[in-house]
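Coordinates in review
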Amino acid sequence: MAEAAAKQEKKLETKAITVDATGVYYRELNQRVRDLIGQGYTEITLDGVNGQRYIADGLEDDISVIINGVPGNDLGAFMDGPMVTVNDNAQDAVGNTMNSGKIVIKGHAGDVIGYGMRGGKIFVRDDVGYRVGIHMKSYKGQVPVIVAGGGAGDFFGEYIAGGVLVLIGLGTEGTPAGDYVGTGMHGGTIFIRGRVPEGRLGREVRVFPLENDDRSLLEGLIEEFTNDTGADTTNVDIEEFMKLRPFSHRPYGNMYVY
Amino acid sequence: MDRHRVPAACGLSGVISQDGNLIEGDVIIESMRVIHDRGNGLGGGFAGYGIYPKYRDLYAVHVMFEDPEGRALCEELLERNLEVEAAEEIPTTPSEKIADPPILWRYFATPRGEKLSAEGREADDFMVKLVMEINMTVPGAFVFSSGKNMGVFKAVGFAEDVGEFYRLPEYAGYTWIGHGRFPTNTPGWWGGAHPFNILDWAVVHNGEVSSYGTNKRYLEMFGYQCTLLTDTEVMAYLFDLLIRKHKLPLEVACTVMAAPFWKDIDSQDTDRRHLDEALRMTYGSALVNGPFAVIAGFSRGMMGLNDRIKLRPLIAACKDDLLYVASEESAIRQICPKPDRVWAPKAGRPVVGELKGDV
Amino acid sequence: MPGDMIPSEFIVEVDHQRCRRCKRCILNCGFGVFDFQSMTTADSSKCVACHRCVVFCPEEAITITKNPLEFKEHASWDVNLRKAIWKQAQSPGMMLTGMGTDFPWLNVFDHILIDACQVTNPSIDPLREPMELRTFLGRKPDKLDIKARGDGEFDLETKLESNIKLDVPIIFSGMSYGSVSLNTHRALAVAAQKLGTVMNTGEGGLHEELYPYADNIIVQCASGRFGVHSKYLNAGVAVEIKVGQGAKPGIGGHLPGEKIGREVSGTRMIPVGTDALSPAPHHDIYSIEDLRQLIYAIKEATGYKPVSVKIATVHNVAAIASGIARAGADIIYLDGFRGGTGASPAVIRDHVGIPLEIALAVVDRQLREEGIRNWVSIIAAGGIRSSADVAKAIALGADAVGIGTAALIALGCRLCQKCYTGKCSWGIATQRPELTGRLDVDWGAERLVNLVNSWSLELKEVLGALGINAVESLRGNRERLRTLGLDVTTSEILDVKPAGM
């Protein structure tokens, strides 16, 4: 709460600028963004983006980047603070090892979203690809979150050690998750709307009933997600969500002999 | 010196007009330009279909020669085996970005009737054998394309530079596929670039085949010589073997190469389970293991396929009759800013576009 | 003992301070080493270092050491050679021994290294992503005829020959009932069933009790035709014609009379106490066309179950294998010269045959060159000691491996090489009721299951490191192996490049 208030104070002074990124090589484009931040701009809109990689990579500032077009791979990799909005689809490796901040994609995103993510939020309005949230981790207050409005490919939440993954499944038929959900899970929580057949769950996963804490968490996240992405979540019923947690924090304890 | 096997780290793009409308070559070049960073400039190439309407029923043989002697020897072999209707240098624009080009020629020809009857072969088989013979016995000569009404254009360089070098904007075809390469050693040999071609198959490939040794030994049993030491060669030969020789439907051939897991096979109904089990039992050595995304062009269509656990990116899109497949969405959006639909193909399931009528 | 001038190989020492006089050592030793005369005494000359006493002594009071008696060193005349001559001068006869050769012949597996993926190709994570070991043994068609049905489905028009389905590419090799105890057979059968693999009866027939395990048994038909009748032939999932055996190529099975009690006599249908010396050849296989005849005779009798032919790896094994494939066999079992046995003349065990690794490489190549590799599955056996050997064997061309010695070691065997005496303290290679009862079937089955599961986990790790998630992509994939310290010719024969190339 206090954090949010502090952020509000800082944001009172928005200095915005639009950059035409059409045909600009990523090196140049990202340097331009860094230069603009150095000059005190807090809201940078990039028009005509198509395929440029590493946008917002490694940025730590309290700024907002708005992308019109399809950004290239590794959007927001190692990011620690900014707010990134994409008004189109995104590609692979969004939020790679991200530490804090928020990425909102108003479209679909590709594979390996949030790999090794350590904090912050990624909201994707539509579908996501394979290995989303792979090896996400958390520690005390650092809890990363990924919410996807559509369906996901196989290996959702593979080897997750901490954090929260939510799959809403809008516009999907049957179960929104792929195969091998949560394989290797040893921490964190996965919420999936709809029933995932047991054969599709990783061996380390157990289904638990929703508790009130879960319900408030989900309600809060879905509301924030709806506001940010514009997805139509009017028919989403919290009770439809499955909660998945690991049955052990040490699933491979019996694997070795000495 | 033994040439080492070169893994295929790369960028791919492909487009087909299923109505058979002709697309200009600069479209595929523009698409490849966007994913420039997936390559490292050590190889680039394209294949176009429907580009030789004047000679549509003849085999268009593209050959690269290290020296004029190689060309003379090769042409002797060609004359003996083929009726060559036209022969010319492949038009190129010299560029400082494309260094040391070999001599590049193309021949529009058909096998000599008497040769076919003497050997008791079909024309396709005859061409395959002839191409292998040239590539293995004529020093400094390499046939890099030999299908009908299609052609492969490849070199050492970034894809977009290779496309300009071969003057692809002057061609128009109903299918184009493109490739930019990132090899990890420096072969400097044009023949090693993608697409790899056999008859009308042109294959571009991203990934490394962990089962290469197994696949290669299997193919050698059927007479294929894997001389290029590239994984793409093995993929192209597998398509040729499974589809042309064994006559498996395209979708079934893809099931062989990117086989479903036993877990999933076991849970199917009896007929399908029996079929999938028989496929894995019989064609286990044709299972392609390791990460891969391929785009393959053939005379009547184009397909994209991923490995069974999607370790390489591949995305598809469509607009009207146009089907696009590429490594990154941006490569598609560059040449089709507002597609009707964009989707990610599932692991092991092909995306196929086919010509609706004749061309 | 002064009688045969041969000093004891081992010295058994009892720490009398620790000794509790519980007499477990006396009870446990199958060789009669211990006695009690006011304190525990040991006759070292009888000790074979099987460690049964050591394991069961509650006070750890027993030590077994090599007899430190010095011999004058001689680089050519190894002490064992001198001992062999003393024994053979003492009484005429062939030196008999058990298990596989213990000569320091070069071990080819130990000169082969496995590749791993890095950067250009990802390894696959076997703990979290699927890793498949399922294997089918049997004849496969050259191609499949498949027609599209029009509704998006397909019809399979080719009829497939029957195959054996294995959940892991590891089977239990044939060890005859007679050479091992019935409890050993029982444990192997139970384990095979649990693991989804098969065990092999060996040439001693199949005890009636094990008929319910038919789906996990390969029944063997050897030259002695012990226990072979039509019900027997149909009591397994496949039939194996044993033509040869890695431990003793060119000669037949050998079961000393000491191990032929009533039950064995009944199963084998020979008199109690006689020696079961199988003939060297099958008397109906004097040439390759005879083999074809026998194979089809068996197929006709079993409704065309898969037929396996087991051969020892000898010099022209590649040509023999080709002949066997063309004779109609569905599986070829290659038994390398390191293979084990319950009894064999030492001269044959130690000097005859060629290594499995080389045989595998040349057989696989020969069959591929002839375009008939898919006519047969190849099982490789004879000294498979670890999951590393399993991976290497598959990469050299095997469809699956067989383990015999390793399975017995899992059951307690210490490799003392005295199986032919029938005194096995562990209750494995014996028929004496007071000894066979020691091997608890469930305990034994659990240990076998543990062993194969452990190796499966390790095999999956290796596959993952290779970037492979289905074992068929490793089969014959010589590209993923490199030799280290092997001469150039051997590397070429193996078709494996030296490390660095």
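Residues numbered from 1 in each chain as written. Chains lettered and ligands numbered in written order. Predicted model: local features only at pLDDT ≥ 70, side-chain atom pairs only at ≥ 80, totals over all residues.

1. Notes on the interface of chain A and chain B
Interfaces are frequently sized by the accessible area removed from exposure as the parts join. Listed by partner, the interface residues are 14 residues for chain A and 15 residues for chain B. In terms of residue class, the side of chain A that touches chain B is built from two nonpolar, eight polar and four charged. (Contact = placed C-beta atoms within 7 Å. Nonpolar A, V, L, I, M, F, W, Y, C, P; charged D, E, K, R; others polar.)

2. Focus: helix α6 (residues 212-221) of chain B
Here α6 of chain B lies mainly inside the structure; eight of its ten residues are buried. Taken residue by residue, α6 of chain B has Y212, G213, T214, N215, K216, R217, Y218 and L219 of chain B as its buried positions. Contacts made by the buried residues of α6 of chain B are with α7 (231-245) of chain B together with α10 (356-369) of chain C. (Buried ≥ 20, exposed ≤ 12 C-beta atoms within 10 Å, placed from the backbone. Helix = DSSP H or I, 4+ residues; strand = E, 2+ residues; numbered from the N terminus.)

3. Observations regarding the sheet that holds strand β3 (residues 44-49) of chain B
Residue and element names in this part refer to chain B. Spatial strand order, β8-β3-β10-β1-β16-β15-β17: seven strands in an open sheet with antiparallel pairing. Two strands in the sheet have a free side with no partner beyond their single neighbour: β8 (150-155) and β17 (341-343). Recorded for the sheet is a direction-independent mean angle of 10° between the axes of neighbouring strands. As defined by bridge partners, β3 adjoins β8 across six bridges and the pair is classed as antiparallel. Paired with Y49 across the bridge in β8 is M150. Of the strands in this sheet, β1 (10-17), β3, β10 (175-181) and β16 (322-326) touch helix α1 (residues 25-34), which is tilted by about 35° from β10. (Pairing = 2+ DSSP bridges. Axes fitted to C-alpha atoms, helices over the stretch in contact; angles between N-to-C directions.)

4. Description of the interface of chain C and chain B
Counting residues at the interface gives 37 residues for chain C and 34 residues for chain B. Of all the elements in the fold, those that place two or more residues in the side of chain C that touches chain B are β8 (146-148) and β9 (154-156) of chain C. Considering only residue class, the side of chain C that touches chain B consists of 16 nonpolar, nine polar and twelve charged.

5. A look at the environment of A317 of chain B
Residue and element names in this part refer to chain B. Here A317 lies in strand β15 (residues 315-319). Residue A317 is classed as buried on the basis of its 22 C-beta neighbours within 10 Å. Sequence spacing of A317 and W343 is 26 residues, and the spatial spacing of their C-alpha atoms is 6.1 Å. In this structure A317 touches Y324, I332, C336, P339, R341 and V342, once residues within four positions along its chain are discounted.

6. Here we look at helix α10 (residues 270-282) of chain B
Taking 1.5 Å per residue as the helical rise, α10 of chain B with its 13 residues ought to reach 18 Å, and the 18 Å between its terminal C-alpha atoms agrees with that figure. Here α10 of chain B has its buried residues at L275, D276, E277, A278, L279, R280, M281 and T282 of chain B. Close packing links the buried residues of α10 of chain B with α8 (250-257) and α9 (262-266) of chain B together with β7 (135-137) and β9 of chain C. (Expected span 1.5 Å × (residues − 1).)

7. Regarding the sheet that holds strand β4 (residues 59-65) of chain B
All names here are of chain B. Reading across the sheet, the four strands line up as β5-β6-β4-β7 and stay open at both edges, with antiparallel pairing between neighbours. Looking at which strands have only one partner, the edges of the open sheet turn out to be β5 (82-89) and β7 (141-145). Strand-to-strand twist of the sheet, defined as the mean angle between neighbouring strand axes without regard to direction, takes the value 30°. Two elements, β5 and strand β6 (residues 103-111), share seven bridges in a ladder whose sense is antiparallel. Considered in β6, the bridge of E88 is made with R106. The sheet strands contacting helix α2 (residues 68-81) are β4, β5, β6 and β7, and the helix crosses β6 at an angle near 10°. Helix α4 (residues 123-137) contacts β4, β6 and β7 of the sheet and is inclined by roughly 145° relative to β7.

8. Here we look at the nonpolar core
One broad rule of soluble globular proteins: the nonpolar side chains tend to lie buried together. Among the nonpolar cores identified, the biggest contains 257 residues, and I217, I332, L334, I379 and V401 of chain C are the most heavily contacted of them. When residues in this core are grouped by element, the largest group, eight residues, is from α7 of chain B. Filtering out sequence-adjacent residues up to four positions away, I332 of chain C remains in contact with V309, I311, A321, I324, A325, V376 and I378 of chain C. Judged by nonpolar contacts, the second largest core, of 71 residues, contains I63, A109, V145 and F156 of chain A. (Core = buried A, V, L, I, M, F, W, Y, C linked by C-beta atoms within 7 Å.)

9. Quick word on the packing of helix α4 (residues 182-195) of chain C against helix α14 (residues 441-465) of chain C
How two helices sit against one another is set out by the angle between their axes and by the gap between those axes. Residue and element names in this part refer to chain C. Where α4 meets α14, the axes come as close as 8 Å, and the angle between the chain directions of the two elements is 45°. With respect to their mutual orientation, α4 and α14 come out oblique. In the packing of α4 onto α14, the handedness of the crossing is right-handed. Listed contacts from α14 to N183, R186, A187, L188, V190, A191, K194 and L195 of α4 are V441, G444, A445, L448, V449 and V452. Taken together, the residues of the contact of α4 with α14 break down into ten nonpolar, two polar and two charged. (Parallel < 35°, antiparallel > 145°, perpendicular 65-115°, else oblique. Left-handed = near helix turned anticlockwise from the far one by under 90°.)

10. What to know about the confidence of the model for chain C
Considering every residue of chain C, the mean pLDDT works out to 92; 99% of them sit at 70 or more. The complex model carries a pTM of 0.84, and its ipTM stands at 0.86. (pLDDT = per-residue confidence, 0-100.)

11. A word on the domain arrangement of chain C
Residues and elements named next belong to chain C. Split by domain assignment, chain C resolves into domain 1 (2-93) and domain 2 (168-471). Residue-level contacts link nine residues of domain 1 with nine residues of domain 2. In terms of residue class, the side of domain 1 that touches domain 2 is built from five nonpolar, three polar and one charged. (Domains from an automatic or database assignment.)

12. Concerning unusual backbone geometry
Put simply, H194 of chain B and P195 of chain B share a cis peptide bond, and its omega is 5°. Along the chain, the position of P195 of chain B falls in the loop between β10 and β11 (196-198). Its identity is not glycine, yet F155 of chain A carries a phi of approximately 65°, on the positive side. For F155 of chain A, the position within the fold is in the loop between β7 (145-148) and β8 (161-167).

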